[in-house]
Structure formats: C-alpha cells, structure tokens
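Observations on the model geometry
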Amino acid sequence: MSQHLLMIEDDARLAKMVVEYLGQSGFVVSHAGDAQTGLAALLPGHGGPLSELVILDLMLPDMDGLEVCRRIRALGGTMAQVPILMLTAKGDPMDRIIGLELGADDYLPKPFEPRELLARIRAVLRRRGDGAAHSTKQMRFGSLEIDRDARTVTVGAAACDLTSYQFDLLIALAERAGRVLTRDQIMEAVRGRELDAFDRSIDVHMGRIRAAIEVDPKSPKRILTVRGVGYVFARQQD
C-alpha cells in the first residue's frame, strides 16, 4: 500500500519534480502551493487521505514555514504528531535550530539531491515504524512512563509533548540507561542521518526532551550531559 505524503511548497516546478520522483518510489504525494492550503489538508474532514509525513518549505508566500510547523504541532489528534521534514533555502543554521525547536523531525537544505530527500523520508518513516513494532511493555523510571505502542510519555499524570523523532531519541537513551552515548551513537540508534561535523541538532532535540520530562530542565536529573562525550540516561529516578 502506498504511503501518502504532503508537500507544502510554493515552487511549482520543484514540487512537480518531487511528486514525480517520489511517485516512482511508491509514494503518493499531494502538493499544496501555500501554507493555508497545506494546513487545511491536515485538518479532519478535509476529504483527502491521511498524510504520513509533511515536506515543509521554510519560505512560503502567505506564512513563514516556521509558523506552519508550530501550527501543525498545535493541531489536535494524530496530525499533531505527523513527522515534518523541513526544506531550508538559506542554509542558515539558526533557521534549522528554530525549526527543530518548534517540532520539525529533520531538515534538508536547498538545493538538494532527490535521492537524499528520498533517503531522509524513508529514515523518518522507518523510525516511526520501528517504534510501532516494539513489544507492548511499558518502560518506567520513577514517575516517568514510556509506552512504546501508544508512543506516549507521561510524568506522573501529565502527558509530555514530544515529536516522533524526539520520542525515538528518548527510547534510544532509556533502553541504554546508565550507558554514556556519544551523539553519533544516539543518531545511529535511531537510524537517522549521519551526524555532520559541527552539527548540534541533537542538542536541540535533547533540550526539547528535557523541557518535557524534567522537573527543572536547567538542572536535569533524567538525561545528563557528559561533557566532551554525549549523554546518559539515569537509571535511578524519582
């Protein structure tokens, strides 16, 4: 069965190329030429198929792509968790960092090779599929509870808001509790792209996870930084 993607991109020529290329690889891609049309396609009752991933351009004519990302994450239901792959034209690291902070799962600078876009899409969808394939058992660390099947995280009775990618990062750390992991090992564990030199997007995601699960993100007790090495998930928690 073909997987359905939504591309929100005002460059009609680029969108046509992507739709055709991904179509040859078994994907069905809907194209929205502006932010409002794209957001409408994600709302319940829009009449189209459920999108399993959104390819989102940063620069749109009617709304900043970062604002679109924020609005998607604010949607109710399952669409709030739809993976987002952000396209950035400027190549500005700050744009990428802000996008990740707002909930984007990955980014790809323009211009890009269609093969790389395809590889990143498959990686994001594979991570989500792998998460669903795990056993039903829940992971508990004090008041922190992680449910693999439901893909939910709670602290006490409070639900934690994490993107699909951030959930997978948390799982990767929790499964290796007490073990210090480098950034490369963490990225490899979630089968993401290779970590580029000076790329600290992983740190942005860790900051978001801490904000969701820590009592005091500035003084974390669950995910600890090991300077010069990486991160470790604490075995003993409250």
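Residues numbered from 1 in each chain as written. Predicted model: local features only at pLDDT ≥ 70, side-chain atom pairs only at ≥ 80, totals over all residues. Heavy atoms only, no water.

**Considerations on the confidence of the model for the chain**
- Taken residue by residue, the chain gives an average pLDDT of 85. The fraction at 70 or more is 89%.
- Contacts from residues 132–136, a stretch scored under 50 in pLDDT, to residues over four places away or in other chains number eight contacts.
- Across residues 193–198, where pLDDT falls below 50, the model places nine contacts with residues more than four positions away in sequence or in other chains. (pLDDT = per-residue confidence, 0-100. Contact = heavy atoms within 4.5 Å.)

**As for the sheet that holds strand S8 (residues 152–155)**
- Sheet architecture is open: four strands sit in the order S6-S7-S8-S9, paired in antiparallel fashion. Looking along the sheet, the strands with just one partner apiece sit at the ends: strand S6 (138–141) and strand S9 (158–159).
- For strand S7 (residues 144–147) and S8, the ladder comprises four bridges, and the chain directions are antiparallel. Within S8, the position partnered with Asp-147 by the bridge is Thr-152. (Pairing = 2+ DSSP bridges. Helix = DSSP H or I, 4+ residues; strand = E, 2+ residues; numbered from the N terminus.)

**Looking at the pairing of S7**
- Of the two faces of S7, the one carrying Leu-144 and Ile-146 and the one carrying Glu-145 and Asp-147 are both buried.
- The pairing of S6 with S7 spans four bridges and is classified as antiparallel. By the bridge assignment for S7, Gln-138 is matched with Asp-147.
- Between S6 and the antiparallel strand that follows it, S7, lie two residues; Gly-142 among them carries a positive phi value of about 65°.
- Between S7 and S8, which pair antiparallel in sequence order, lie four residues; one of them, Arg-151, sits at a positive phi of approximately 55°. (Buried < 20%, exposed > 50% of the residue type's maximum accessible area, 1.4 Å probe, protein only.)

**Focus on the sheet that holds strand S12 (residues 230–233)**
- Strand order across the open sheet formed by three strands is S10-S12-S11, with antiparallel pairing between neighbours. Of all strands in the sheet, those with a lone pairing partner are strand S10 (181–182) and strand S11 (223–226), marking the two edges.
- As defined by bridge partners, S11 adjoins S12 across four bridges and the pair is classed as antiparallel. Looking at the pairing, Thr-225 lines up with Tyr-231 of S12.
- Helix H6 (residues 164–174) contacts S10, S11 and S12 of the sheet and is inclined by roughly 70° relative to S12. (Axes fitted to C-alpha atoms, helices over the stretch in contact; angles between N-to-C directions.)

**Focus on the nonpolar core**
- Ranked by size, the top nonpolar core spans 27 residues in total, and within it Ile-146, Val-153, Leu-170, Ile-223 and Phe-233 carry the most contacts.
- Listed by contribution, the elements that provide at least two residues to this core are S6, S7, H6, helix H7 (183–189), helix H8 (201–213) and S12.
- If you tally residues by element for this core, the top one is H6, at eight residues.
- Apart from residues lying up to four places away in sequence, Val-153 is in contact with Leu-144, Glu-145, Ile-146, Ala-158, Ala-159, Cys-160, Leu-162, Phe-167, Leu-170 and Ile-213.
- Membership of the second largest hydrophobic core comes to 25 residues, among which are Ala-35, Leu-39, Ala-80 and Val-82. (Core = buried A, V, L, I, M, F, W, Y, C linked by side-chain atoms within 4.5 Å.)

**Looking at unusual backbone geometry**
- Between Lys-110 and the following residue, Pro-111, the backbone shows a cis peptide bond with an omega angle of -10°.
- Considering the arrangement of structural elements, one finds Pro-111 in the loop between strand S5 (106–109) and helix H5 (114–133).

**Side note on the packing of helix H3 (residues 65–73) against helix H4 (residues 93–102)**
- Where H3 meets H4, the closest approach of the two axes is 9 Å, and the angle between their N-to-C directions is 10°. When the axis of H3 is compared with that of H4, the two are roughly parallel. Contacts from Leu-66, Cys-69, Arg-70 and Arg-73 in H3 reach Asp-95, Ile-98, Gly-99 and Leu-102 in H4.
- When its residues are assigned to classes, the contact of H3 with H4 shows four nonpolar, one polar and three charged. (Parallel < 35°, antiparallel > 145°, perpendicular 65-115°, else oblique. Nonpolar A, V, L, I, M, F, W, Y, C, P; charged D, E, K, R; others polar.)

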